[in-house]
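Here are the chains, one letter per residue:
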Amino acid sequence: MQPGITDLFGSTATFSGTPKVLQIPLTSLPALTSANPTPLEIYAAIVATAHTWLNANTDASVLAASDLTNNAPITRNGTPKTQFQYAVKFYGNYAAPTFDPNAV
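Counting restarts for each chain, with residues numbered from 1 along the sequence as it is written. Selection of residues for local features in this predicted model requires a pLDDT of at least 70, selection of side-chain atom pairs for listing and counting requires 80 or more, and totals for whole chains, interfaces and linings are taken over all residues. Note that water and hydrogens are dropped before the side-chain values are worked out from all heavy atoms of the structure.

A few words on the pairing of strand β3 (residues 64-76). Both β3 and strand β4 (residues 79-90) contribute to a ladder of eleven bridges, which runs antiparallel. Looking at β4, one finds that Ala65 is bridged to Lys89. Pairs of strands are assigned from DSSP output, requiring at least two bridges between the strands. A run of DSSP states H or I qualifies as a helix once it reaches four residues; a run of E qualifies as a strand once it reaches two. Both are numbered from the N-terminal end. Connecting β3 to the next strand, β4, in antiparallel fashion are two residues, including Asn77 with a positive phi near 55 degrees.

To estimate how far a helix should reach, multiply one less than its number of residues by 1.5 Å. The terminal C-alpha atoms of helix α2 (residues 39-56) lie 26 Å apart, and with 18 residues this matches the ideal 26 Å at 1.5 Å per residue to within 8%. Burial in α2 covers these residues: Ala45, Ile46, Val47, Ala48, Thr49, Ala50, His51, Trp53 and Leu54. In this analysis, two residues are considered to be in contact whenever any of their non-hydrogen atoms come within 4.5 Å of each other. In this structure, the buried side of α2 is in contact with α1 (5-9), β3 and β4. Only protein chains enter the area calculation, which uses a 1.4 Å probe; residues under 20% of their type maximum are buried, those over 50% are exposed, and those in between are partly exposed.

You can see Thr49 is positioned in helix α2. When its relative accessible area of 10% is taken as the criterion, Thr49 is described as buried. Discounting chain neighbours no more than four positions away, the residues touching Thr49 are Asp7, Leu8, Phe9, Gly10, Leu29 and Pro30.

What follows concerns the pattern of salt bridges. What makes a salt bridge here is a side-chain nitrogen of Lys or Arg within 4 Å of a carboxyl oxygen of Asp or Glu, nothing more. Going through the model one piece at a time under the given rule, you end up with one salt bridge. Note that Asp67 and Lys89 form a salt bridge whose closest N and O atoms lie 2.1 Å from each other. Note that Asp67 is positioned in strand β3 and Lys89 in strand β4, a separation of 22 residues in sequence. Relative accessible area serves as the criterion here: at 37%, Asp67 is assigned to the partly exposed category.

The grouping of Leu68, Phe84, Tyr86, Val88, Phe90, Phe99 and Val104 at the surface amounts to a nonpolar patch, some 660 Å² of accessible area in total. Looking at the nonpolar patch element by element, the count peaks at four residues for β4. Take Val104: it is sitting in the segment after β4. Within the patch definition used here, like charges are joined within 9 Å and nonpolar side chains (Val, Leu, Ile, Met, Phe, Trp, Tyr) within 5 Å, considering only residues with over 30% relative accessible area and no salt bridge. Computed with the Shrake-Rupley method and a 1.4 Å probe, the accessible areas treat only the protein chains shown as cover for residues.

The way it works is a 1 Å grid over only the protein atoms, where trapped points that fit a 1.4 Å probe form a cavity and open points with protein on both sides within 12 Å along at least five of seven lines form a pocket, and then any residue with an atom within 4 Å of a point lines it. Grid points are joined across faces, edges and corners, and a volume is the space filled by probe spheres set on the points. The calculated volume of the largest pocket comes to roughly 470 Å³. Lining the largest pocket we find 21 residues, and of these Leu8, Leu54, Ala64, Val88 and Phe90 sit closest to its centre. Residue assignment for the lining of the largest pocket shows that the elements contributing at least two residues are α1, α2, β3 and β4. Examining the composition of the lining of the largest pocket, we find that six residues originate from one element, α2, more than from any other. In this classification, the charged set is Asp, Glu, Lys and Arg, the nonpolar set is Ala, Val, Leu, Ile, Met, Phe, Trp, Tyr, Cys and Pro, and all remaining amino acids, among them Gly, are polar. Here the lining of the largest pocket is built from residues that sort into 17 nonpolar, four polar and no charged. If you add up the space inside the second largest pocket, you get close to 260 Å³. Residue lining of the second largest pocket: 13 residues in total, with Gly92, Asn93, Thr98, Phe99 and Asp100 positioned closest to the centre.

Here you go:
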């Protein structure tokens, strides 16, 4: 089973084929709680939403997997922080070792 648009981008995300437009209403991202999110917060919410689905659907038929690693404390710009590192893996048919986003 492959994920659908709403699985990776939230419950009200849509994709229109003509023109090719992916629309992700901010209310579609459950991890996003900021009233005026920054682009980085939106990106992080998309990553978290996709990770949640991929982590819950680990069947080999899903051609992607996501791992989360937490590291703390680390120092960033002189301030202690917690680092959240997502590692996403994509699987495709074995061929030449070249990543092709169209094959996932």
